[in-house]
Amino acid sequence: MGVVDVPGHVDFIRNMVAGAHGIDVVILVVAADDGIMPQTREHLHILTLMGLRHGVVALTKIDLVETARKAEVIEDVRRLLKETFLAAAPICPISNITGEGYENFFDALNQVVSACGDRPCSGVFRMWVEDVFTIRGQGTVITGIPSRGMAKVGDVLRLLPCGLTGRVRQMQVYGENSVEGRAGECVALNIPEIDHLQVKRGMVLSAGPETAPVTMAEGDLCILDSVRGVIEDYPEVHFARWNGFSFWRGWRCWRQPP
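Report follows, based on the coordinates. No experiment lies behind these values; they were computed from the predicted model shown.

## Some remarks on the overall build of the chain
Across its full length, the chain carries four helices and 15 strands. A sequence separation of at least 24 residues applies to 67% of the contacts in the chain between residues at least 6 apart. Put simply, the chain shows about 15,700 Å² of open surface, and 52% of that area lies on carbon and sulfur atoms.

Have a look at this one:
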C-alpha cells in the first residue's frame, strides 16, 4: 500500500486532482481546532465526483481543544458527510503530540483497506505520467499509477499523444525491483529509448494500438448542489485528469434540452 499526500490549500486543487486518480481509500483530515474549512468541502466534492467509495476521517490536534469542542467538530463532520460516500466512515480523533487515538485509527484504516477490493488488471495497460527524470547510465524513468492492465519488463510501450515507443528495461513497484507493474500500484518504468525531455506530466503510456489520442470527446457535466448561479448555453468548461482525461484547456459545451 502506498500513501499519496495531497495538498489542502485551494491554490493546489489542480495538483490534487492530477494526482488523485490512483487513490482507492481516502483519509480525510480535519483539524479539531480549525474545524471544517473550504478546502475540506472542495476535496470532498472532487473525491465524490471521482467515484471513490472507501475512506476514514482523521480528526487531528485533539490535544489543543476541550472535550466539548471535539464533540462539536465531530458532529459538524458527520453532518457534512451525510449522503456522501463517507457517510458511514469512522471518525477517529487523534493527537500527533500525545499519540492518543492512533491505535483505534490504525484499526479503522486496516478495516477500510481490507474492504477495498483490488483493481482489475485486465484490458490495455494505461499509465498517466506523474513524473519523469533521468538516471546516469540508465536513462529515462517515468513514474505513475496505472489505471488499467499491467506491464512487464520487456514490454514495448507507446507514449501518447506524441507516439514515441520504447521497451521497458527495468521496473520498480513501491521502490522495489519488480518484473511487472499492475493497475493501482506506484510504478517506475525505465525506458531509455524515450528522451526524458519529450515526456510531460499528463501524457499516457499505453500498450498496443488500441489507445490513441483524439481531438473530440463526449461527456456528461455534473453540477454539484453547492454550485450557485445559472449555467448558460456554451459555457467554458475546465477539464482535469480523471479516468482517462488529462488536459488543461478551455472547452465550449452546450446544454441538452430537458
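## Here's the deal with the pairing of strand E9 (residues 170-173)
Residues Met171 and Val173 of E9 are buried on one face, while the alternating residues Gln170 and Gln172, pointing to the opposite face, are not. Note: E9 against strand E12 (residues 187-190), four bridges, orientation antiparallel. Opposite Gln172, over in E12, you have Ala188 as the bridge partner. Turn length for the E9-strand E10 (residues 176-177) hairpin, with the two strands adjacent in sequence and antiparallel, is two residues, and the turn residue Tyr174 shows positive phi of about 55°.

## Looking at the packing of aromatic side chains
Working definition: an aromatic ring pair is given by the centre-to-centre distance plus the angle between the planes. Scanning all chains against the criterion turns up three aromatic pairs. By the ring-pair criterion, three or more aromatic residues cluster together here, those being Tyr102, Phe105 and Phe106.

## What about the nonpolar core?
Counting 22 residues, the largest nonpolar core has Leu52, Leu59, Val77, Leu81, Phe85 and Leu86 as its most contacted members. For this core, the secondary-structure elements that each account for two or more residues are strand E1 (25-31), helix H2 (38-49), strand E2 (54-60) and helix H3 (67-81). Looking at this core element by element, the count peaks at four residues for H3. Among residues more than four places away in sequence, those in contact with Phe85 are Val26, Leu44, Leu47, Thr48, Leu52, Arg53 and His54. Ranked by size, the runner-up nonpolar core spans 17 residues in total, among them Phe125, Val129, Ile142 and Ile194.

## Some details on the pattern of salt bridges
Tallied over the entire structure, the rule returns five salt bridges. Between Asp24 and Arg119 there is a salt bridge; the shortest N-O distance is 2.8 Å. Note that Asp24 is positioned in the loop between helix H1 (13-19) and E1 and Arg119 in the loop between helix H4 (102-115) and strand E4 (126-135), a separation of 95 residues in sequence. Glu72 is the partner of Arg69 in a salt bridge, and the nearest nitrogen-oxygen pair spans 3.7 Å.

## Let's talk about the sheet that holds E12
Pairing within the open sheet is antiparallel, and its eight strands lie in the order E8-E7-E13-E4-E5-E12-E9-E10. Each of the sheet's edge strands pairs with one partner strand only, and the pair in question is strand E8 (164-167) and E10.

## A closer look at H3
In this model H3 runs 21 Å from its N-terminal to its C-terminal C-alpha over 15 residues, within 8% of the 21 Å that 1.5 Å per residue would give. Taken together, the buried positions of H3 are occupied by Val73, Val77, Leu80 and Leu81. The buried side chains of H3 occupy one side of the element, clustering within an arc of 90° when seen end-on. Exposed and facing more than 90 degrees away from the buried side of H3 are Thr67, Ala68 and Arg79. Residues of H3 that are buried in the fold lie against E1, H2, E2 and strand E3 (91-93). A positive backbone phi angle near 65° is found at Glu83, which sits one or two residues after H3.

## Some thoughts on a negative patch on the surface
Residues Asp33, Asp34, Asp63 and Glu100 make up a contiguous surface patch of negative charge. On the secondary structure map, Asp63 appears in the loop between E2 and H3. According to the relative accessible area criterion, Asp63 is partly exposed, its value standing at 34%.

What counts, and where the lines are drawn
Residues numbered from 1 in each chain as written. Predicted model: local features only at pLDDT ≥ 70, side-chain atom pairs only at ≥ 80, totals over all residues. Heavy atoms only, no water. Helix = DSSP H or I, 4+ residues; strand = E, 2+ residues; numbered from the N terminus. Contact = heavy atoms within 4.5 Å. Areas by Shrake-Rupley, 256 points an atom, 1.4 Å probe, with all protein chains shown as cover. Buried < 20%, exposed > 50% of the residue type's maximum accessible area, 1.4 Å probe, protein only. Pairing = 2+ DSSP bridges. Phe/Tyr/Trp six-rings, centres within 6.5 Å; stacked < 30°, edge-to-face > 60°. Core = buried A, V, L, I, M, F, W, Y, C linked by side-chain atoms within 4.5 Å. Salt bridge = Lys/Arg side-chain N within 4 Å of Asp/Glu carboxyl O. Expected span 1.5 Å × (residues − 1). Arc of directions from axis to C-beta. Patch = residues over 30% accessible without salt bridge, like charges linked within 9 Å, V, L, I, M, F, W, Y side chains within 5 Å. Lys, Arg positive; Asp, Glu negative; His and termini not counted. Charge placed at Lys NZ, Arg CZ, Asp CG, Glu CD.

Bear in mind that shape data such as this cannot, by itself, settle questions of function.
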